[in-house]
Structure formats: structure tokens, C-alpha cells
Amino acid sequence: MALIGAQLSRVEPGVIEISLPYRPDLAQQHGYLHAGIVTTIADSACGYAAYSLMPPESEVLSVEFKVNLLRPAKGKAFVAVAEVVKAGKTLTVVRADVFGIDEEDQRELIATMLGTMICIR
């Protein structure tokens, strides 16, 4: 997170938001935020959202996820918003949406993720 300049901008039980300013060094050849970076903030948001509902002293790992890249990732900044769909004792299903934010602070959905996280005790 520190390497790419991402920050937790909202933390609630089962809900996490990660914000990331645009940086040219995180872009692909056309200037759009790279899909790997989009996926990174979505996966991190999902992991933290799941972790927020897990018992103390546990750890979280991604088991699987699917990402739909819906449009080119353009904007002055990006935000990944994750929410737990179903928390279980071992597995938790989480959904994240990633938005590009333009110069007028308007959000446009650029990607969505559905993931499964595992609680390690």
C-alpha cells in the first residue's frame, strides 16, 4: 500500500475504502492506471473488509477473486470500496467496486471484484 501511495480512507465493520491518487508510474502504455494496480486496491480493500469482522489474533488471506475491468481506468484519483457480502467462521465473501474520480470529483465505475477471503487462526 505504501509503495503505490494507497491509503485507507474509510474503515467500518465490514466496509473499507482505499484511495489512490493517479501517478504516471502506475499507468500502462496508454496512460490508464494499470489493471494490476486496480486489482491490488480492490483485493486489499476486500481483505481489510473481511479482516474487520474476524476475531482478534487472526490473519486474512485471499483464496480467490474475479475482477471485471469495465472501462479504462482514468481519473485524477481512484477509490476501491469493499463490503462483506457474507462473513463465515473460515471463509468470507466480499465485493469491491473501483471508481475513477475525474477533475469535477465525479465517480465512474471502472472495475468490480468478487472475492473469497480465509480466516487463519
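Just so it is clear, the structure is predicted and the values come from calculations on it, not from any experiment.

Things to note about unusual backbone geometry
You will see that Glu 57, though not glycine, has its phi angle at about 75°, which is positive. The residue Glu 57 is located in the loop between helix H1 (35-51) and strand E3 (59-69) in this model. The backbone of Asp 105 sits at a positive phi, close to 65°, despite the residue not being glycine. With respect to the helices and strands, the residue Asp 105 is situated in the loop between strand E5 (91-101) and strand E6 (107-120). By relative accessible area, Asp 105 is classed as exposed at 52%.

Re H1
Since the α-helix advances by 3.6 residues per turn, residues separated by three or four positions end up pointing in the same direction. Compared with an ideal rise of 1.5 Å per residue, which puts 17 residues at 24 Å, H1 spans 24 Å between its outermost C-alpha atoms and is within 8% of the ideal. Ile 37, Val 38, Thr 39, Ile 41, Ala 42, Ser 44, Ala 45, Cys 46, Gly 47, Ala 49 and Ala 50 are the residues of H1 that are buried. Summarising the contacts, the buried residues of H1 are in contact with strand E2 (15-21), E3, strand E4 (77-87), E5 and E6.

Thoughts on a nonpolar patch on the surface
There is a patch of nonpolar side chains on the surface, built from Met 1, Leu 8, Val 11, Tyr 48 and Tyr 51 and spanning about 440 Å² of accessible area. Sorting the residues of the nonpolar patch by element identifies strand E1 (7-12) and H1 as the ones contributing at least two each. With respect to the secondary-structure elements, Tyr 48 resides in helix H1.

A look at the pattern of salt bridges
This model, assessed by the stated rule, comprises 6 salt bridges. The shortest N-O distance in the salt bridge between Glu 108 and Arg 71 comes to 3.5 Å. One end of the pair, Glu 108, is in strand E6; the other, Arg 71, is in the loop between E3 and E4, and 37 residues separate them in sequence.

Topic: the nonpolar core
Grouped together as the largest cluster of nonpolar side chains are 29 residues, with contacts concentrated most on Leu 20, Leu 33, Ile 41, Val 94 and Val 98. Looking at this core, the elements with two or more residues in it are E2, H1, E4, E5 and E6. In terms of residue count, H1 provides more of this core than any other element does, 8 residues in total. Other than its neighbours up to four places away in sequence, Leu 20 contacts Ile 4, Gly 5, Ala 6, Leu 26, Leu 33, Ile 37, Ile 41, Ala 77 and Phe 78. If you look at the next biggest cluster of nonpolar residues, it comprises 5 residues, including Ala 77, Val 81, Phe 99 and Ile 101.

Quick notes on the state of the cysteines
Under the counting rule described, the total for this entry stands at 0 disulfides. Free cysteine: Cys 46, not disulfide-bonded; nearest cysteine sulfur from Cys 119 at 16 Å. Judged by relative accessible area, which is 0%, Cys 46 ranks as buried. For Cys 119, a relative accessible area of 8% puts it in the buried group.

Definitions and limits used
- Residues numbered from 1 in each chain as written.
- Predicted model: local features only at pLDDT ≥ 70, side-chain atom pairs only at ≥ 80, totals over all residues.
- Heavy atoms only, no water.
- Helix = DSSP H or I, 4+ residues; strand = E, 2+ residues; numbered from the N terminus.
- Buried < 20%, exposed > 50% of the residue type's maximum accessible area, 1.4 Å probe, protein only.
- Expected span 1.5 Å × (residues − 1).
- Contact = heavy atoms within 4.5 Å.
- Patch = residues over 30% accessible without salt bridge, like charges linked within 9 Å, V, L, I, M, F, W, Y side chains within 5 Å.
- Areas by Shrake-Rupley, 256 points an atom, 1.4 Å probe, with all protein chains shown as cover.
- Salt bridge = Lys/Arg side-chain N within 4 Å of Asp/Glu carboxyl O.
- Core = buried A, V, L, I, M, F, W, Y, C linked by side-chain atoms within 4.5 Å.
- Disulfide = S-S within 2.5 Å.

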